[in-house]
Amino acid sequence: MSGSDEKSAKPRLRSRAWFDNPDDPGMTALYLERYLNFGLTLDELRNEGKPVIGIAQTGSDLSPCNRHHLELASRVRDGIRDAGGIPFEFPVHPIQETGKRPTAALDRNLAYLGLVELLYGYPLDGVVLTTGCDKTTPAMLMGAATVDIPAIVLSGGPMLNGYHGGGLAGSGTVVWFARQELAAGRIDYDEFLEMVASSAPSVGHCNTMGTALSMNSLAEALGMSLPGCAAIPGPYRERGQMAHATGRRIVEMVHEDLRPSAVMTRAAFENAIVAASAIGASTNCPPHLLSVARHMGVALELDDWDRIGYDIPLLVDLMPAGRFLGEEFHRAGGVPAVMNELLRAGKLNDDAMTVSGRSVAECYRDTPARNREVIRSWDAPLLQTAGFAVLRGNLFDSAVMKTSVITPEFRARYLENPDDPNAFEGRAIVFEGPEDYHARINDPALKIDEHCLLVIRGTGPVGYPGAAEVVNMLPPDALVKKGITMLPCIGDGRQSGTSGSPSILHASPESAVGGGLALLRTGDRVRIDLGRRQADILIDEAEYALRKAAWKAPALVNQTPWQAMQRAHVGQLETGACLDFAVDFQRVHENFGIPRNNH
């Protein structure tokens, strides 16, 4: 065979090691016979040209945001079959942000571990990763990165627009508004439930730019979805068409040997950071993207979010940073329109490869926005700077603040002192977890006013466990009734991507392992300086040292075996909250080949 013939030859399918190994007929027969019992044929499984394609199914009754993948999978199957592949659908550990206690973040790493074993240990040549609800997207990308067989993301898309009282009701975002209305006494309990329920009118994930739409958009910006995949609403016919196209494409990717390592490069992660700022993405995106990068073996740090993305303008007018919802985003052009605008501004690595087999430039150079009210031009953005600020100081080694949701009212109250611009000081009110917050927020003895900062701790990856979305805390009812609906909030946990609160999140190290928040006391003065990226407890060094020496680790109770395993091995949010031992396993298929036989 000539050199050119060798280069053009299709790689041998890894599934052949199971289904067509003449050197070991006994094992080949054992693997084949059971996969025939539901109707597959020997010719199908032994055909060298027919790759076996997994469909990683995240849809279930426990995961309503992903449930329509149960139906979409039939179109994926059609696409795989039409391209000459054999579809194998398999379940993935469910993750539902609004259903799992104590927090869905606990299950991201668990789903990841399960996916790694499935992709490596079974006769799969490639995989379609079905994503939707927040943690399903990073879990799928982390697993694909670790094993590094051809993989492509099919997102489920947002719900249709929700409406209440004649206006748009955005999923998640309406919850925070309804809580304010209930606290102010303008609605009762039943009206509260009705208002919140109005935001979920169809299948699909959050229709706001919450973590779900953010992470699926970033999967596309990374190059792991076909162009235009991320924002198609779940019920639209185009979602089924995209499922078919994705099924076809993964078969081609297997023959091309196009793997995640060729797509999720440093250049691709930089593109995703830039896109995150432009769309007003969730604060959950930094730790998730960092976790994917670590499992891919790509050097990426939290500071890159500030360095690369801080000065990027906000281009997408979508709740919670804007006014519109997912349907408008899709109709305006979705992620392709945003990428087009960023390309034109010279802000993307345009030669980065995508799963389409084309570069970012080839995919997005001809995809301008169709509605300039929803997706703005680079020269006429909603905000000039919309990135994430990374703060450091004696209060924590690092934390993140989303600047695109700093409202004019918040800025005027806390950040526009001419003698101290972009900085504020306040009296800390410290809560030991969400239960303590709910029990005491209206306690008049705390004397909470507009000059206070609400702090919640014990909510990080180890302390909660899993890092809970509890940092965006509503002020006391008395302040809400006066029209003060937002106070500065700080915590070692997370915040829902659907919330518009500019909280300081992901304080690392968390309090449960002795981070600076553990030393804070109610009544302490705290200074936040966004300009200098500083966050400090205003006590002298001697007092700080005394508190640190006196600190004792809290007694943590594990309620399940997985909680104990997670706590023993999870890292901090600053580095993605990965399992510390898992990041050592990279490109598993390439480095270790086919696993040993099972008999």
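Predicted, not measured: the structure shown is a model, and the values here were computed from it.

Counting its secondary structure elements, the chain contains 24 helices and 14 strands. Its C-alpha atoms give the chain a radius of gyration of 25 Å, near enough to 25 Å, the size a compact globule of 599 residues would have. Over its C-alpha atoms, taken along the principal directions, the chain stretches across nearly 80 × 55 × 50 Å. Among the 599 residues that make up the chain, the fraction classed as buried is 60%. Sequence-distant contacts, at least 24 apart, represent 76% of the contacts inside the chain between residues at least 6 apart.

For the coordinates displayed, the defined rule picks out seven aromatic pairs. Pairing tryptophan 305 with phenylalanine 388 gives two aromatic rings, centres 5.5 Å apart and planes at 85°, and the pair type is edge-to-face. Placement of the pair is tryptophan 305 in helix H15 (residues 302-309) and phenylalanine 388 in strand E7 (residues 388-393), with a sequence separation of 83 residues. Classification of phenylalanine 388 by relative accessible area gives buried; the value is 2%. Here the aromatic residues Phe19, Tyr35 and Phe88 are joined through ring pairs into a cluster of three or more. We note arginine 533 situated over the ring of tyrosine 310; from NZ or CZ to the ring centre the distance is 4.2 Å.

It is worth spelling out a nonpolar patch on the surface at this point. Together, Phe581, Phe585 and Phe592 make up an exposed nonpolar region whose accessible area comes to about 320 Å². Examined against the element boundaries, phenylalanine 592 turns out to sit in helix H24 (residues 588-592). Overall, phenylalanine 592 belongs to the exposed group, its relative accessible area being 55%.

Okay, the environment of proline 336 next. Within the secondary structure, proline 336 sits in helix H17 (residues 334-344). With a relative accessible area of 11%, proline 336 lands in the buried category. Sequence-wise, proline 336 and cysteine 363 are 27 residues apart; in three dimensions their C-alpha atoms are separated by 8.0 Å.

Here four strands make up an open sheet; going across it, the order is E2-E1-E3-E4 and the pairing parallel. Edge positions in the sheet fall to strand E2 (86-91) and strand E4 (151-155), since each has one partner strand and no second. Within the sheet, the average angular offset between the axes of one strand and its neighbour, ignoring direction, is 25°. When strand E1 (residues 52-57) meets E2, the two strands line up parallel, connected through six bridges. Bridging across to E2, glycine 54 finds its partner in phenylalanine 88.

Our focus in this paragraph is the confidence of the model for the chain. Averaged over all residues, the pLDDT of the chain is 96; the fraction at 70 or higher stands at 98%. Between the elements of the chain, mean pLDDT differs from a low of 44, seen in helix H1 (residues 3-8), to a high of 99, seen in E4. In the predicted structure, residues 1-8 sits below a pLDDT of 50 and forms one contact with residues beyond four places in sequence or in another chain.

Let us look at the nonpolar core. Judged by nonpolar contacts, the single largest core of 118 residues is most densely connected at Trp305 and Phe329. For this core, the element with the highest residue contribution is helix H13 (residues 266-279), accounting for nine residues. Counting 50 residues, the second largest nonpolar core, distinct from the first, contains Leu391, Tyr414, Leu479 and Leu517.

Throughout the structure, instances matching the rule amount to 40 salt bridges. Residue aspartate 304 is joined to arginine 266 by a salt bridge in which the shortest nitrogen-to-oxygen separation is 3.2 Å. In this pair, aspartate 304 sits in helix H15 while arginine 266 sits in helix H13, placing the two residues 38 residues apart along the sequence. By relative accessible area, arginine 266 is classed as partly exposed at 28%. Measuring nitrogen to oxygen at the nearest pair gives 3.2 Å for the salt bridge that ties arginine 392 to glutamate 574. Taken as a pair, arginine 392 in strand E7 and glutamate 574 in the loop between helix H23 (561-569) and H24 lie far apart in primary sequence, 182 residues in all. Each of Asp420, Glu425, Arg525, Arg527, Asp529 and Arg532 takes part in salt bridges that share partners, so that together they form one network.

Before going further, it helps to spend a moment on the packing of helix H6 (residues 105-121) against H23. Running from amino to carboxyl end, H6 crosses H23 at an angle of 95°, the nearest separation of the two axes being 10 Å. Overall, the two elements H6 and H23 adopt an arrangement that is roughly perpendicular. In this structure, H6 uses Leu106, Asp107, Asn109, Leu110 and Leu113 to contact H23, whose residues at the interface are Trp562, Gln563 and Gln566. Looking at side-chain class alone, the contact of H6 with H23 contains four nonpolar, three polar and one charged residues.

The buried fraction of strand E3 (residues 126-131) amounts to six of the six residues, a majority that puts the element mostly inside the structure. The alternating pattern of E3 places Gly126, Val128 and Thr130 on one face and Val127, Leu129 and Thr131 on the opposite face, and all of these are buried. Across four bridges, the pairing between E1 and E3 is parallel. Residue pairing in the sheet places glycine 54 in a bridge with valine 127 of E3. Considered for its hand, the β-α-β crossover made up of E3, helix H7 (residues 136-147) and E4 is right-handed.

As a further point, take the side chain of threonine 58. By secondary structure assignment, the location of threonine 58 is in the loop between E1 and helix H5 (69-82). Among the residues examined, threonine 58 registers a relative accessible area of 3% and is labelled buried. Within the structure, the side chain of threonine 58 is placed 2.7 Å from the side chain of asparagine 66, a separation counted as a polar contact. Here threonine 130 takes part through its backbone oxygen, which lies 3.0 Å from a polar atom of the side chain of threonine 58.

On to the state of the cysteines, then. By definition, a disulfide links the sulfur atoms of two cysteines through a covalent bond. Applying the stated criterion to the full structure yields zero disulfides. Here cysteine 133 stays unpaired: no disulfide links it, and the sulfur of cysteine 65, its closest cysteine neighbor, is 4.5 Å away. Here cysteine 452 is not disulfide-linked; the sulfur of cysteine 489 is the nearest cysteine sulfur, at 11 Å. Take cysteine 452: its relative accessible area is 1%, and that puts it in the buried class.

Looking along the chain, the bond that leaves arginine 101 and enters proline 102 is cis, with omega of 0°. A cis amide bond links serine 508 with the next residue in sequence, proline 509, at an omega value of -5°. Phi is positive for asparagine 422, close to 60°, though the residue is something other than glycine. One can find asparagine 422 in the loop between helix H19 (408-414) and strand E9 (423-432). Of the residues examined, asparagine 422 reaches a relative accessible area of 32% and is grouped as partly exposed. For arginine 587, which is not glycine, the phi dihedral falls at a positive 45°. Looking at where arginine 587 falls in the secondary structure, it is placed in the loop between H23 and H24.

Conventions we followed
- Residues numbered from 1 in each chain as written.
- Predicted model: local features only at pLDDT ≥ 70, side-chain atom pairs only at ≥ 80, totals over all residues.
- Heavy atoms only, no water.
- Helix = DSSP H or I, 4+ residues; strand = E, 2+ residues; numbered from the N terminus.
- Rg over C-alpha atoms; globule rule 2.2 N^0.38 Å.
- Buried < 20%, exposed > 50% of the residue type's maximum accessible area, 1.4 Å probe, protein only.
- Contact = heavy atoms within 4.5 Å.
- Phe/Tyr/Trp six-rings, centres within 6.5 Å; stacked < 30°, edge-to-face > 60°.
- Lys NZ or Arg CZ within 6 Å of the ring centre and 35° of its normal.
- Patch = residues over 30% accessible without salt bridge, like charges linked within 9 Å, V, L, I, M, F, W, Y side chains within 5 Å.
- Areas by Shrake-Rupley, 256 points an atom, 1.4 Å probe, with all protein chains shown as cover.
- Salt bridge = Lys/Arg side-chain N within 4 Å of Asp/Glu carboxyl O.
- Pairing = 2+ DSSP bridges.
- Axes fitted to C-alpha atoms, helices over the stretch in contact; angles between N-to-C directions.
- pLDDT = per-residue confidence, 0-100.
- Core = buried A, V, L, I, M, F, W, Y, C linked by side-chain atoms within 4.5 Å.
- Parallel < 35°, antiparallel > 145°, perpendicular 65-115°, else oblique.
- Nonpolar A, V, L, I, M, F, W, Y, C, P; charged D, E, K, R; others polar.
- Right-handed = clockwise from strand over helix to strand, strands pointing away.
- Polar contact = N/O pair within 3.5 Å; in protein donor to acceptor, adjacent residues only side chain to side chain.
- Disulfide = S-S within 2.5 Å.

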